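Each chain, written out:
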Amino acid sequence: MATLMPENQSAAKPRRRWRFAFIAIYFTKVLDSLPKRIVKKSNPEMSTGSYVSIQIQNANKDENSGHDEIVLSFDNVDQRMLIDMVRDKDYERLHQFGGAKQLAELLQTEEKRGINGDEADLIRRRNVFGSNEYTKPPRKGFLSFVLEASKDTTIIILLICAALSLGFGIKEEGPREGWYDGGSIIVAIVLIVAVSSISNFRQSGQFRKFSNESSDIRVQVVRQGRRQPVSIFDLVVGDIVFLNIGDQVPADGLFLEGHSLKVDESSMTGESDPVEINEKDNRFLFSGTKVSDGFGTMLVTSVGMNTAWGEMMSSIRRDLDEQTPLQARLDKLASTIGKLGLAVAVMVLVVLFIRYFTGNIEDDSGKKEFNGSKTRIDDLMNSIVHLVSAAVTVLVIAIPEGLPMAVTLTLAYSMRRMMKDQALVRKLSACETMGSVTTICTDKTGTLTLNKMKVVEFWLENEVVKDETYRGIAPNVVELLKQGVGLNTTGSVCKQPSMSVPEISGSPTETAILTWAVVDLGMDIDKQKLSFEILRVEAFNSQKKRSGVLVNRVTDKTIHIHWKGAAEIILAMCSHCYNKSGIVEVMSDEKRVHFGGIIRGMAAKSLRCIAFAYKQTQQEKLEETGMILLGLVGLKDPCRPSVRRAVEACRDAGVNVKMITGDNIFTAKAIAMECGILKPDEDFNNAVVEGVTFRNYSHNERMDKIDVIRVMARSSPFDKLLMVQSLKKKGHVVAVTGDGTNDAPALKEADIGLSMGIQGTEVAKESSDIVILDDNFASVVTVLKWGRCVYNNLQKFIQFQLTINVAALGINFVAAIASGKVPLTAVQLLWVNLIQDTFAALALATEQPTNDLLSKPPVGRSKPLITNIMWRNLISQALFQISVLLILQYKGRSIFGINEKVNNTLIFNTFVLCQVFNEFNARNMDKKNKFFFKGLLKNRLFIGIVGITIALQVMMVEFLKKFANTERLDWGQWGVCVGLAALSWPIDWLVKCLPVSAK
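Computed from a predicted model, the values in this text were never measured in an experiment.

1. Observations regarding unusual backbone geometry
Then, number 1: Backbone geometry at Gln-422 places phi at a positive 70°, although glycine is not the residue there.
Then, number 2: By secondary structure assignment, the location of Gln-422 is in the loop between helix 13 (402–420) and strand 10 (423–425).
Then, number 3: Gln-422 gets classed as partly exposed once you look at its relative accessible area, which sits at 31%.
Then, number 4: Unusually for a residue other than glycine, Lys-557 sits at a positive phi of about 60°.

2. Focus on a nonpolar patch on the surface
Then, number 1: Taken together, Leu-342, Val-346, Val-350 and Ile-354 make up a surface patch of nonpolar side chains, about 340 Å² in accessible area.
Then, number 2: Tracing the backbone through its elements, the reader meets Val-346 in helix 11 (residues 325–357).
Then, number 3: You can call Val-346 partly exposed: its relative accessible area is 46%.

3. What about the packing of aromatic side chains?
Then, number 1: For the coordinates displayed, the defined rule picks out 11 aromatic pairs.
Then, number 2: Pairing Trp-516 with Phe-612 gives two aromatic rings, centres 6.3 Å apart and planes at 25°, and the pair type is stacked. Residue Trp-516 is found in helix 16 (residues 508–519), and its partner Phe-612 is found in strand 21 (residues 607–617); the two are separated by 96 residues along the sequence. With respect to burial, Trp-516 and Phe-612 carry one shared label: buried.
Then, number 3: With centroids separated by 5.3 Å and ring planes inclined at 80°, the aromatic side chains of Phe-920 and Phe-942 adopt a geometry described as edge-to-face. Within this pair, whereas Phe-920 is found in helix 31 (residues 900–922), its partner Phe-942 is found in helix 32 (residues 940–958), the two being separated by 22 residues in sequence.
Then, number 4: Each member of the aromatic cluster is reached from another via a ring pair, and the members are Phe-917, Phe-920, Phe-942 and Trp-985.
Then, number 5: In this structure, Arg-227 packs its charged tip against the face of Phe-242, placed 4.1 Å from the ring centre.

4. Some words on the sheet that holds strand 23 (residues 656–660)
Then, number 1: The strand order across the open sheet formed by eight strands is 10-28-27-26-11-23-25-24, and the pairing between neighbours is mixed. If you trace the sheet from one side to the other, it starts and ends with strand 10 and strand 24 (688–690), each paired once. The average undirected angle you get between the axes of adjacent strands in this sheet is 20°.
Then, number 2: Contacts from helix 21 (residues 665–675) reach strand 23, strand 24 and strand 25 (711–713), with the element oriented near 150° to strand 25.
Then, number 3: This element, helix 25 (residues 717–729), spans strand 11 (439–442), strand 23, strand 25 and strand 26 (734–738) of the sheet and lies at about 170° to strand 26.

5. Overview of the nonpolar core
Then, number 1: Counting 126 residues, the largest nonpolar core has Met-434, Val-437, Ile-677 and Phe-777 as the members making the most contacts within it.
Then, number 2: For this core, the element with the highest residue contribution is helix 28 (residues 777–819), accounting for 18 residues.
Then, number 3: Not counting chain neighbours up to four residues away, the residues in contact with Ile-677 comprise Leu-448, Val-647, Arg-651, Val-657, Met-659, Ala-672, Glu-682, Arg-710 and Val-711.
Then, number 4: Counting 41 residues, the second largest nonpolar core, distinct from the first, contains Val-221, Leu-243, Val-263 and Val-291.

Cut-offs used in this document
Residues numbered from 1 in each chain as written. Predicted model: local features only at pLDDT ≥ 70, side-chain atom pairs only at ≥ 80, totals over all residues. Heavy atoms only, no water. Helix = DSSP H or I, 4+ residues; strand = E, 2+ residues; numbered from the N terminus. Buried < 20%, exposed > 50% of the residue type's maximum accessible area, 1.4 Å probe, protein only. Patch = residues over 30% accessible without salt bridge, like charges linked within 9 Å, V, L, I, M, F, W, Y side chains within 5 Å. Areas by Shrake-Rupley, 256 points an atom, 1.4 Å probe, with all protein chains shown as cover. Salt bridge = Lys/Arg side-chain N within 4 Å of Asp/Glu carboxyl O. Phe/Tyr/Trp six-rings, centres within 6.5 Å; stacked < 30°, edge-to-face > 60°. Lys NZ or Arg CZ within 6 Å of the ring centre and 35° of its normal. Pairing = 2+ DSSP bridges. Axes fitted to C-alpha atoms, helices over the stretch in contact; angles between N-to-C directions. Contact = heavy atoms within 4.5 Å. Core = buried A, V, L, I, M, F, W, Y, C linked by side-chain atoms within 4.5 Å.

Here it is as structure tokens:
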């Protein structure tokens with residue numbers, strides 16, 4: 001619909017006619033590029049499925065202006081047309097819009113300055129076109145977790161027994177007294193199910209939160225003329241997005257400008273070959289695809305669920321509830337223990353039935369419970385229900401269902417804490433596998449170093465230029481350097497009127513070189529780009545280690561080539577060089593050797609050496625030979641202050657650190673020495689190798705030398721992958737750091753892929769298991785420590801739980817066979833089950849990592865979960881508990897002069913307190929118990945859980961007599977229980993004096 005606002009009646013007629021003519025001409029040209037049918041809002045019968053409607057409004061007029069400012073509104077642009085245009089790669093529809101640049105105008109986007117980007121503008125765009133978020137699958141409700149917990153077979157059997165017991169009890173003793181036995185079991189079961197469901201529900205919410213955080217990608221956009229990073233979720237239609245190698249295309253859109261841009265569309269089409277994106281043949285970009293080469297800018301046309309990838313993404317979002325290898329091993333362990341428990345429970349049930357039907361089980365008054373035909377049916381059924389309940393309860397205590405919960409708690413806790421320690425876990429299995437790592441292959445730039453590049457040296461011909469004004473250099477050389485920097489770059493320079501210093505963005509290397517050119521050489525990047533037309537670009541990648549540009553000067557139509565990259569590679573392309581006076585000289589062998597010495601000298605000072613080369617040509621071909629060397633710059637990237645300590649910590653932990661870098665061998669040696677990876681007394685001939693040498697080794701040579709190699713210089717992504725594969729064949733568990741697209745194969749091949757959060761591309765992050773958010777090697781060591789902590793905490797819990805399982809099975813089995821009665825009732829064992837499954841899991845699974853973990857060797861993947869040390873500890877404690885409880889069972893009444901009910905309460909109370917004291921023993925499996933207080937005050941959760949357990953036990957004994965089938969104990973009896981339970985500490989101390997293999 002077109003609306004012409006009325007003219008100001010007070011304006012002069014001639015001026016009014018000129019304004020009217022201008023608007024009419026402009027409006028006609030706009031309509032010519034749009035669909036021919038223009039629909040009027042007032043006539044609904046003429047509506048069509050897709051159309052574009054614009055409004056031309058009369059803005060506030062300036063009396064002195066020659067014409068009115070025209071404001072376009074996209075409120076009525078058909079969103080469906082934009083969506084279908086990109087999805088179907090429909091050039092006809094794009095032509096109807098007038099092309100990509102005309103569409104940008106319709107969306108109120110300036111190609112160079114982007115959108116306005118203020119809050120009101122962003123809100124308006126989201127209201128019209130939607131936000132860049134995908135519809136997520138609905139979260140599982142709390143009731144679904146309750147149902148899952150209730151489906152356990154033993155829980156169902158117990159509920160049936162409890163219901164029967166409840167029915168018989170009410171029938172025999174009336175509702176007031178008869179509900180206690182059955183009702184107590186039901187209450188205990190409800191409590192266990194509730195605690196388990198709440199825990200799983202909370203962990204599910206945390207995993208969902210981590211999933212959202214791992215999906216939050218930062219993209220580079222231009223708004224109000226400033227290049228800036230924004231969250232992918234904050235992207236709106238009309239944004240101009242910068243794309244570089246390794247980036248994920250964040251939304252559907254149109255290519256605006258760029259060079260050599262290729263995109264991997266395999267996620268959309270299944271085709272593995274990269275698709276070339278350009279102005280002529282293919283402008284269309286799809287959300288979720290990856291940039292495999294080149295760079296460019298795109299105009300966002302659809303976001304979120306309106307993209308071609310939107311609905312697919314919502315249905316295949318990564319599930320963080322996947323089962324990890326350790327969880328699978330624990331499930332197998334739990335299954336084995338459960339089968340053993342089932343066998344014991346069946347034996348207990350058979351023995352109890354035999355004793356019952358042979359008249360060897362007596363009631364509380366000493367009479368036989370079964371008297372043949374004289375026994376009433378109700379009494380018979382009630383007795384059978386009690387016997388089945390006792391056997392099933394033995395099964396409940398035998399099945400370690402707390403193991404999966406302990407794994408979940410440990411992983412969730414470690415993921416949350418690792419996030420605070422600058423590590424985002426993308427795959428749960430990485431938490432545990434990291435504890436087994438034996439070798440870390442790390443990048444240099446940004447991981448071992450600060451990634452804060454600065455040009456500190458500039459060499460021209462055979463001397464370093466110390467004059468920061470560069471006045472002694474010929475103007476033509478300075479001009480060529482400006483061109484080489486300004487035209488051959490993926491960075492940008494933004495000059496804001498309010499800022500005295502221009503804002504420079506790009507990779508650290510690009511930023512350093514641009515800063516040098518702008519500040520020291522006085523380069524005006526806009527002037528350079530206006531003076532030349534770019535014909536062809538070869539973008540930098542880690543294989544070629546150089547970038548080039550072919551340009552056409554606008555004034556004289558001459559063609560020029562500029563190359564920039566690794567100094568020795570650029571040097572090999574040159575046949576001539578410039579001297580300080582601006583005269584071109586032949587590159588003699590002597591000069592070439594001299595330049596090689598300069599490069600090695602800079603490398604020895606830990607400088608990254610970049611060379612610039614130039615050539616004027618007649619052909620539109622990006623030639624690589626016969627170049628003229630312009631100069632060399634040395635970039636300093638200081639080592640991180642903490643990296644040397646981190647490397648030493650890895651060495652103490654039995655983990656080898658290998659540096660794999662694209663820098664030349666001299667720079668690599670210098671940095672490795674500074675970081676502590678190489679030692680001065682080490683044989684550099686074997687410890688340092690170049691990528692080309694490593695890949696040319698025979699298989700046997702490579703396998704012989706792989707353990708000795710500490711540094712690989714001038715490596716390609718293939719060399720890194722080959723290193724990982726060779727180490728794995730040698731039996732190592734390998735962690736690899738990477739930030740580039742070409743690192744993806746090595747990151748996937750490694751046991752643990754560690755991508756960089758700041759410099760890492762989206763392809764690298766997607767291929768990794770953990771994202772190091774601060775790109776710091778010290779954070780890698782922290783992840784290593786957490787990996788060992790996860791494994792160690794789970795071993796503590798396994799030892800603690802198996803001690804309870806063995807002790808409870810032993811006491812109930814022996815007592816059932818010997819006397820036909822079990823000292824620990826169903827409710828009491830369910831209470832113990834709650835202690836071990838939930839409270840102990842929380843207490844032991846949330847222990848924080850200590851430096852002691854890094855003094856132990858790595859845990860091999862094939863090593864058993866239950867070590868000899870754990871068997872020693874749990875068998876000794878289980879035998880102690882069984883012995884104490886059996887003595888109380890058969891001698892307690894005569895020793896303390898008490899009745900059977902009080903004696904059974906003593907047994908129950910001592911058993912629970914034994915577990916409380918044993919929790920302290922489990923905190924350190926291989927050191928004597930003076931160490932289990934170490935760091936105790938830091939784990940307030942452990943102290944709180946022990947306090948809650950004791951308080952609830954007092955309540956069970958003293959105030960819930962009928963519920964727990966207990967009797968109140970006096971102070972002396974409580975002292976006996978505490979004293980017997982406390983004996984577990986000296987026993988633990990003595991047992992840990994026994995030498996045992998750690999395997």
